[in-house]
Structures are given as structure tokens and as C-alpha cells.
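Observations on the three-dimensional arrangement
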Amino acid sequence: MADKKDIVLYFSPHQDDELLTMGVDICKTCLLPNKEVHIVLCTDGSKSPARQRLNSNKICQIHHQIHNYNLSEEEFIKARDCEFIASCTAMGIPLENIHIYEKRAVDGSLSVEYAKEIIKHFVSIYGKDVEIRTIAPFRFGRYQHEDHYNLGLAAKALLKERFFKKSKFFIESYHYPKGKRKFVLSLFFNMQKEEISDEIRSKIERVIQQSYTCWKPEEKRYAIGYHCVTDIFEYYKNNIASYSIKSRLIK
Ligand SMILES: [Zn+2]
Ligand SMILES: [Zn+2]
């Protein structure tokens, strides 16, 4: 009989968070022979301002051409899912382990209760020995997107209820500690910065190119992630890193 693999379930609030916040960890874990990696997308990503940008009939500062693609909300969601699948497969997750949950929340409306339901649904499929990895609920002096915050809170609450035993919580790149803050935050929250090999770094660069910055409108590839959070992608490209928090220390 083949050795049983440890199942790791990543939960991403939107199409792009799996890469921008958990990408390094996903790439590293996909290379481990004893791990089976799954990812769950928890919302439809429908409310991103990138849709207005692509439908604006104005010149885009990134692509220096007029964008007038008239994308309906449905077409927009489909194109975002396409970027998500491209990102996850490029990171090494098998297609059958990429779960675009059919009962996902509408972007911006993910409550703690509903996020708990989603996590419970997948734990019921894969068993209580799974490890849950998601975004840390972290509002230390800065705004955090409601969907991110609620998903983190849901995972934290379920861990406390011992609904599963293992978890890991990640910090978004715009919360990476810098300067004096770095020392205080690292110490106070026991933030761990992970080592990244050159191999992983170049892999992440390739994933970015193949997914959220891919601009081929003739193939319905609209670089939506990049249009949506250009600054965050630019920052991440120059600061590829991974920070996580020990779950018991999350405030
Ligand atoms: Zn997000
Ligand atoms: Zn553009």
C-alpha cells in the first residue's frame, strides 16, 4: 500500500491571494513528496474595480491602449477563475485539487459564519487530520479586506474548537514588517519569515507571468489581478517573501 499523504488545504478569499500571500508556501509544499495539496477559492471575485478599468473606454496606463471589453460580471468572474487556475497549476497543484467552490460567497460578503461553513464542508470531505492554511486575521494598525479578515477569523475559531488540529496563517505582503515595526511585530506575533531558494523565487516569477499579469485579450486573458492591485504585484515582484504566524499567538 502506498504511504498515506498529509493533506494540506489552502483557503483563498479571492483569485490572487493564493499567490500574493501564500504562493511561496504553496510552491514549497507542492514539492514535498509526503504532502497532498488542495486549494479552495471562497468567493467569486466579482466586485474588483478591474472590471470598470477593462470596460472604461479609456487608455490604460499599463497597456497604453483603450480598454473597451464590455465584460459582463459573469464573463469577468470566468476570466478571474481562469487566472486562478493558471496560478494554481503553475505552482504545482494538480487540476483535480483546485476547488472553485460552487457555493462560494459573492466578493465582499464573506461572513465569519459562512467562511466556517466552507471550511467545515472541505474538512468533512478530507477528514479532521487535514492541515488548514489561510490568511491571518490581522488588523494591526492597517485595514484588512473584510473577506480576508473573516476567513482568517473563521479558521482561527475552528482551530480553537478543535475542528481540525493543524493550521498556518499567512500575512499579506502589504503587512510585511519593515524597520522598527519589523522587530516589534516579529517578536510580538512570533512572525516567521521563511527561507526562499532561488528556484522558488524564479518559480513565483514565472507564475506571476503566466497568471495575473498575462495580457492576451484575444484569448480572454485580461491581466485582471494586475489591473486590480498593480501596486501590490509590483511590490511583491521585488519582495517575494512569506511570513506566517503561529496560530496560538494571533490576537
Ligand atoms: Zn483578496
Ligand atoms: Zn490594461
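Quick summary incoming for the structure in this document.

A separate point is the pattern of salt bridges. Scanning all chains against the criterion turns up 15 salt bridges. Its salt-bridge partner being D25, residue K168 comes within 2.8 Å of it at the nearest N-O pair. Of this pair, K168 sits in strand β7 (residues 166-170) while D25 is found in helix α2 (residues 23-30), placing the two residues 143 residues apart along the sequence. With relative accessibility at 18%, the residue K168 sits in the buried group. The class for D25 is buried, based on a relative accessible area of 3%. Residues participating in the shared-partner salt-bridge network are D25, K28, E131, R133, K166, K168 and E194.

Moving on: the coordination of the zinc ion (ligand 1). Coordination angles at a metal have ideal targets, namely 109.5 degrees for four tetrahedral donors and 90 or 180 degrees for six octahedral donors. Distances from the zinc ion (ligand 1) to its protein donors, H14 (ND1), D17 (OD), D17 (OD) and H148 (NE2), fall at 2.0 to 2.7 Å. Around the zinc ion (ligand 1) sit 4 donor atoms, and with donor-metal-donor angles ranging over 52 to 144 degrees the site reads as irregular. Counting along the primary sequence, the residues that act as donors to the zinc ion (ligand 1) give the motif H-x2-D-x130-H. In this pair, D17 is assigned in helix α1 (residues 17-20) and H148 in helix α6 (residues 146-160), connecting sequence segments 131 residues apart. Just as D17 is buried, H148 falls in that class too.

Definitions and cut-offs
Residues numbered from 1 in each chain as written. Chains lettered and ligands numbered in written order. Predicted model: local features only at pLDDT ≥ 70, side-chain atom pairs only at ≥ 80, totals over all residues. Heavy atoms only, no water. Salt bridge = Lys/Arg side-chain N within 4 Å of Asp/Glu carboxyl O. Helix = DSSP H or I, 4+ residues; strand = E, 2+ residues; numbered from the N terminus. Buried < 20%, exposed > 50% of the residue type's maximum accessible area, 1.4 Å probe, protein only. Donors = N, O, S within 2.8 Å, 3.2 Å for Na, K, Ca; no water. Tetrahedral: all angles 85-135°; square planar, octahedral: opposite > 155°, others 65-115°.

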